[in-house]
Amino acid sequence: TIISRKKKRNNCGSMRSTKLLLTFTFCMIAMFYLPYKYMIQEGSIDDKIIKNKQHMPIVQPMITEHQTPPKLNNNDEKPTSTPNYHTVFSTDCSGYQHWQSYLLFYSAYKVKQPGTVTRIASGCTKEEQEAERAFQSQISDQMSSNFKVHFTPQFSKVKGEGEEGDGETYKFFNKPFGLLHWIEHAEVKIKDDDIVILLDPDQVLTRPITNDFSNQSENTLVGQNPKTIVTHGSPFAQEFGFGASWRNLDIDAVTGTNDSPAKSVTEQDAIDHYPAGPPYLATTKDMHAIARTWSDFVPRSYKIFPELMAEMYAFCIAVAHLKMPHQIVKSLMVSDVDVEDGEGWNFVEAIEDEKICSPAAMGYSTLPSVLHYCQRYVLGKHIFGKHKMPLDTFSCDAPLLAIPPEDIAERYDYWIDPNLVDGKREYLTKIEVKKTAFMICFLTHHANEASKFYKSRNCKSSEVSAAPLKIIDLWSGKTSTSSTKKEKGEY
């Protein structure tokens, strides 16, 4: 199921322009690439929304009242002291990832994420660095001095061994190479025992992430005897639904050797321990080894398989090569409303239907740790989509987002493509409606809250209160104004 999500993430991140049917030239293609449900476009950017109704085999079912919880790994002992945490995410210096960075920082501020939070910005010009440093200074002063930016060279063009020219262009090279650069050149001292948490920029936190996953009411772990603490040799990650498909790449070519331990990983072990995606968690010592090997393997992986998944497959091969099986977590993240198992949607489904879009639902303590808004979420003519967001979202003159009605899940069981003139309705299941409503409402309220936080600290209060309130409808792209106190209060 989550192959579809990763392709939708590609649409959000790399703006591909045609419907992608991923051709995988190796065997077992039918097991790992599932049918597409539909495609829509977003603004001037072709944005594929790929839906599928089939799902990867369940590794460890969700616990119900009739099931016995898995036995926790008795070898795990809680550390006597709290480790230092370092949350990082990789970006470029575009306006598109400028506002995403602010939204992620604000979410970390709101949930009190422990430790440092660092944006790794790659390939910025001198002028862009100066602007981002000034912007980051505001964030550090107004949110936390632990919120930082780390600049790296441009890694989106990397040459493999013996290659001529500028190298292949693949923006996701920035993630492993940027991570490695930060570990080796960070301005703060990073200890081997510290915990590194790697996110994507289009993710927001709903609760803190730590190295302790022992609370079974808040975490769903894969396996009959799962580990519960991130320690040396025991990294953790969110489950992604590509299963063992990374094993179909030419392991010898990717690793540069014919005796890589990655070749010894069985299909079942590959499914149980290696379908990893962000958030990733590991000790600094382990993450450093992973980053080095990941950076070494990803250019070869992309050369063999020049698609979105090259970076994630390279990660899987790297950790298998290092003999670092991951404890896979289902509940760290939600993104794809079609997923029935493998993401933390059970927390969202537990919210009462009539409260799914109310501000009260935003304060639930038990939610998936991360919302990954790599897709568009549409009900009726209400939408949250990152390509629809104004690039100057966090500025004094930027409009707030139009708030969806609290009964949105009762009003609509369909969505309408904002780029098609025929107004055709595409219908959703009841549970898809609930999940979609939650994503639209939470992300809209969160973005508005962050925007008001920015305005309250960086804009003249007299001018803000006197000016007409500007509201943007992301579905139509139209901005309207209102000066009434009632409407201002609602936003």
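Bear in mind that the values here come from a model prediction, so they are computed numbers and not experimental data.

1. Let's talk about the state of the cysteines
On inspection of all chains with the given rule, the structure shows three disulfides. At a sulfur-sulfur separation of 1.7 Å, the disulfide partner of C357 is C441. Linking C357 and C441, the disulfide has an S-S dihedral of approximately -90° and is accordingly described as left-handed. Here C357, found in the loop between α10 (345-349) and α11 (359-362), pairs with C441, found in helix α13 (residues 430-458); they are 84 residues apart in sequence, far enough to count as distant. Residues C357 and C441 agree in their burial class; the two are buried. When the bonded cysteines of the chain are numbered from the N-terminus onward, they pair as 1-2, 3-5, 4-6.

2. Considerations on α13
Compared with an ideal rise of 1.5 Å per residue, which puts 29 residues at 42 Å, α13 spans 42 Å between its outermost C-alpha atoms and is within 8% of the ideal. Summarising burial for α13: 21 of the 29 residues are buried, a large majority.

3. Re the confidence of the model for the chain
Of all residues in the chain, 77% have pLDDT values of 70 or greater, and the mean over the chain is 83. The model gives residues 1-69 a pLDDT under 50, and that stretch makes 203 contacts with residues more than four places away or in other chains. Of the regions scoring below 50 in pLDDT, residues 485-489 engages in nine contacts with residues more than four places distant in sequence or in other chains.

4. Details of the packing of aromatic side chains
Here a ring pair, both rings aromatic, is described through the centre-centre distance and the interplanar angle of the planes. Across all of its chains, the model carries 24 aromatic pairs by this definition. Note on W246 and Y274: the rings are 5.8 Å apart at their centroids and 65° apart in plane angle, and the pair reads as edge-to-face. Linking W246 in the loop between β8 (236-239) and α6 (251-255) with Y274 in the loop between α7 (267-273) and β9 (276-283), this pair joins segments that are 28 residues apart in sequence. The class for W246 is buried, based on a relative accessible area of 0%. Taken together through their ring pairs, the aromatic side chains of Y102, F135, F394 and Y454 make up a single cluster. Sitting over the face of the ring of F347, R207 holds its NZ or CZ atom 5.5 Å from the ring centroid. Between the NZ or CZ atom of R425 and the centre of the ring of Y414, over which it lies, the distance is 4.1 Å.

Basis of the calculations
- Residues numbered from 1 in each chain as written.
- Predicted model: local features only at pLDDT ≥ 70, side-chain atom pairs only at ≥ 80, totals over all residues.
- Heavy atoms only, no water.
- Disulfide = S-S within 2.5 Å.
- Helix = DSSP H or I, 4+ residues; strand = E, 2+ residues; numbered from the N terminus.
- Buried < 20%, exposed > 50% of the residue type's maximum accessible area, 1.4 Å probe, protein only.
- Expected span 1.5 Å × (residues − 1).
- pLDDT = per-residue confidence, 0-100.
- Contact = heavy atoms within 4.5 Å.
- Phe/Tyr/Trp six-rings, centres within 6.5 Å; stacked < 30°, edge-to-face > 60°.
- Lys NZ or Arg CZ within 6 Å of the ring centre and 35° of its normal.

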